[in-house]
Amino acid sequence: MSSLVAPIKVWDRLVRLLHWALVASVVMAWISTLGLGLVKAHEPAGYIALGVVALRIIWGFSGSRYARFSQFVRGKREVLHYAGQLQAGNEPRYIGHNPLGGWMVLLLLSLVVSLGLTGWLYTTDYFWGMAWLDTLHHALAWALLALIALHLAGVVFTSQRHRENLVTAMFSGRKAPPGTGDTIT
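Now for a description of the structure that goes with this document. (Residues numbered from 1 in each chain as written. Predicted model: local features only at pLDDT ≥ 70, side-chain atom pairs only at ≥ 80, totals over all residues. Heavy atoms only, no water.)

## Some remarks on the overall build of the protein
Here's step 1: Helix and strand counts for the protein stand at seven helices and two strands.
Here's step 2: Along its sequence from the N terminus, the protein presents helices and strands in the succession β-α-α-α-α-α-α-α-β.
Here's step 3: In terms of overall dimensions, the protein has C-alpha extents of about 60 × 30 × 30 Å along its principal axes.
Here's step 4: Within the protein, buried positions represent 37% of all 185 residues.
Here's step 5: Taking the contacts inside the protein whose residues are at least 6 apart along the sequence as the reference set, 69% of them involve residues at least 24 apart.
Here's step 6: Accessible surface, the protein as shown: approximately 11,000 Å² in total, 70% of it carbon and sulfur. (Helix = DSSP H or I, 4+ residues; strand = E, 2+ residues; numbered from the N terminus. Buried < 20%, exposed > 50% of the residue type's maximum accessible area, 1.4 Å probe, protein only. Contact = heavy atoms within 4.5 Å. Areas by Shrake-Rupley, 256 points an atom, 1.4 Å probe, with all protein chains shown as cover.)

In structure tokens form, the structure reads like this:
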């Protein structure tokens, strides 16, 4: 980001707070399964993650411009077009989430909800001790871990490709203003 050009506000404070709160709660939930004496933190971490996702969903419909799902969730045709551009090495820079990143957000949120739901069901009398539910919960956890790795790879790739630090942007909320060839929507 050039020091001569003032950055613009992209992600508001609530989006960033919810993002990092979700990161922290997922990390705590994962660490609590490693046998480090933190097993009692697993359930509260899961409930915090569910609460964060619930707030993010509400904010996705009522929040600021770049927080809204309608701003970054694209249709199949646009996602496939973007994927083709990406493969050809001529994809545009997006000020908010790119089409693949938008769907990654939805997948990550959906997996966290699924994990929270299966975790909660396991605490009920009806589903207590059900092996299939425990297996599903663990499979969802591994799927979430895989998507997180893919998300991080996408962040690193996009940061390098467009010469901007997306991690810094998720802390500051600011990115370089649009340039030639950037997609502003």
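Anyway, onward from the coordinates.
## A word on the nonpolar core
Here's step 1: In terms of nonpolar packing, the biggest core is built from 19 residues, with L22, L109, V112 and L144 touching the most fellow members.
Here's step 2: Put simply, the parts of the chain that give this core at least two residues each are helix 1 (13-31), helix 2 (42-62), helix 3 (69-72), helix 5 (99-122) and helix 6 (131-161).
Here's step 3: Top element by residues in this core is helix 5. It accounts for seven residues.
Here's step 4: Apart from residues no more than four positions distant in its own chain, V112 is found in contact with L22, V26, A49, L50, V53 and L144.
Here's step 5: One finds Y66, I95, A169 and M170 within the second-largest nonpolar core, a separate group that totals eight residues. (Core = buried A, V, L, I, M, F, W, Y, C linked by side-chain atoms within 4.5 Å.)

## Points about helix 4 (residues 76-88)
Here's step 1: Between its first and last C-alpha, helix 4 extends 18 Å over 13 residues, near the 18 Å set by a 1.5 Å rise per residue.
Here's step 2: When helix 4 is considered as a whole, its buried residues turn out to be V79, Y82 and Q85. Looking down the long axis of helix 4, one finds its buried residues gathered within 125 degrees of arc, a one-sided arrangement. Exposed and oriented more than 90 degrees from the buried face of helix 4 are K76, R77, L80, H81, Q87 and A88.
Here's step 3: Contacts from the buried residues of helix 4 go to helix 5.
Here's step 4: G89, located one to two residues past helix 4, shows a positive phi value of around 80 degrees. (Expected span 1.5 Å × (residues − 1). Arc of directions from axis to C-beta.)

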